[in-house]
Amino acid sequence: MRTEVVSEPGRPDRPNEDFAAVAVPASGQGGCLIVLDGVTPPATGTGCLHSVPWFTARLGGRLTELTVSAPDLTLREILRRAIARTADAHASTCDLSHSRTPQATVVLARWLRDAVEYLVLSDSVLLVERADGSVVPVLDDRLARLPRSALATDALVDATLRNKEGGFFTAAADPSVAGRAVTGTLPRDEVRALAALTDGAARWVETFGEGDWAQCLALVRKEGARGLVERVRALETADHRERARLGRSKTHDDATVVYAEL
């Protein structure tokens, strides 16, 4: 089995808000991968005493422990319990009802003897390479389907769309959001490899159009997870002057890639 994990902050003077983990074997067989993309907080605050890295480290740690130790739990139940435990850790000190309380996207995959299970919440992506060589992206595309006019300002998004019906959902303080995640199960012998990418790494496809998802996974296999991140960084740097044209709010974003050949 080959596994790789690369996670790089968007700026050297800011902490990385992503989380990544691989556990092999899980519960004596199989394994799991986890990727979280922490939502960068606004300058106006989050109602929380803690940073986004504090949140993603704790949520990611709880997801890892539960996914490894509890094969009887569904991935939705694992996410629900992990969110609840993380919320309990700072409910007495922070306003968890604040729309920008620390939160993150989630990719979670677990492979056991006979099955591969997956869960995706918000705009990170899981790539599944099938036994026939085809690549299927698992996407929660609710944010991408929203009209640009609805995303005009952070205040508008927070008031009308963030973790609201008709909008999009992230893992924050409400455990019930686990029921909104995209989930599925595939036979183990039909899956060759998995790759989980935060949107900072997925820019190679989604922003710069350098290739499709199958070509992206092929690049990771050939050049490694580090190779994909380095290519994204080169594209971002070359395109720095055209950020406004492409609608990117950041020159560089935290970029995380986890790859596992099963």
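Residues numbered from 1 in each chain as written. Predicted model: local features only at pLDDT ≥ 70, side-chain atom pairs only at ≥ 80, totals over all residues. Heavy atoms only, no water.

Focus: helix H4 (residues 199–206)
Next, step 1: Of all 8 residues in H4, 6 are buried, a share of seventy percent or more.
Next, step 2: Where H4 is concerned, the buried positions are Gly-200, Ala-201, Ala-202, Arg-203, Trp-204 and Val-205.
Next, step 3: Contacts from the buried residues of H4 go to strand S6 (125–130), strand S9 (191–197), helix H5 (213–238) and strand S10 (255–261). (Buried < 20%, exposed > 50% of the residue type's maximum accessible area, 1.4 Å probe, protein only. Helix = DSSP H or I, 4+ residues; strand = E, 2+ residues; numbered from the N terminus. Contact = heavy atoms within 4.5 Å.)

Section: unusual backbone geometry
Next, step 1: Cis rather than trans, the peptide bond between Val-24 and Pro-25 has omega equal to -5°.
Next, step 2: Considering the arrangement of structural elements, one finds Pro-25 in the loop between strand S2 (18–23) and strand S3 (31–38).
Next, step 3: One non-glycine residue with positive phi stands out, namely Ser-122, at about 75°.
Next, step 4: Along the polypeptide, Ser-122 turns up in the loop between strand S5 (115–121) and S6.

Some remarks on the nonpolar core
Next, step 1: Judged by nonpolar contacts, the single largest core of 26 residues is most densely connected at Leu-36, Leu-59, Leu-63, Leu-79, Val-106, Leu-108 and Leu-121.
Next, step 2: Breaking this core down by element, the ones donating at least two residues are S2, S3, helix H1 (52–69), helix H2 (75–90), strand S4 (104–111) and S5.
Next, step 3: Non-local contacts of Leu-59, meaning those with residues more than four positions away in its chain, are made with Leu-36, Ala-82, Ile-83, Thr-86 and Ala-171.
Next, step 4: One finds Val-6, Val-125, Ala-201 and Val-257 within the second-largest nonpolar core, a separate group that totals 23 residues. (Core = buried A, V, L, I, M, F, W, Y, C linked by side-chain atoms within 4.5 Å.)

Focus: the layout of surface pockets
Next, step 1: Estimates place the volume of the second largest pocket at around 270 Å³.
Next, step 2: As for the second largest pocket, its lining consists of 17 residues, of which Arg-162, Asn-163, Ala-172, Ala-173 and Asp-174 are closest to the centre.
Next, step 3: Here the residues of the lining of the second largest pocket are counted per class, giving 5 nonpolar, 8 polar and 4 charged. (1 Å grid on protein atoms, 1.4 Å probe; cavity = no way out; pocket = protein on both sides within 12 Å on 5 of 7 lines; lining within 4 Å. Points joined across faces, edges and corners; volume = space filled by probe spheres on them. Nonpolar A, V, L, I, M, F, W, Y, C, P; charged D, E, K, R; others polar.)

Digging into the sheet that holds strand S1 (residues 2–8)
Next, step 1: Taking strand neighbours across the sheet as the criterion, the 5 strands line up as S1-S10-S9-S6-S7 in an open arrangement whose pairing is antiparallel. The sheet terminates laterally at S1 and strand S7 (135–139), the two strands that pair on one side only. Averaged over neighbouring strand pairs, the angle between their axes works out to 15° when direction is ignored.
Next, step 2: With 5 bridges joining them, S9 and S10 adopt antiparallel strand pairing. When the bridges of S10 are listed, Ala-193 appears paired with Glu-261.
Next, step 3: On top of the sheet, H4 reaches S6, S9 and S10; it is set at about 80° to S10, its chief contact.
Next, step 4: Along the sheet, H5 makes contact with S1, S6, S7, S9 and S10, crossing S1 at roughly 40°. (Pairing = 2+ DSSP bridges. Axes fitted to C-alpha atoms, helices over the stretch in contact; angles between N-to-C directions.)

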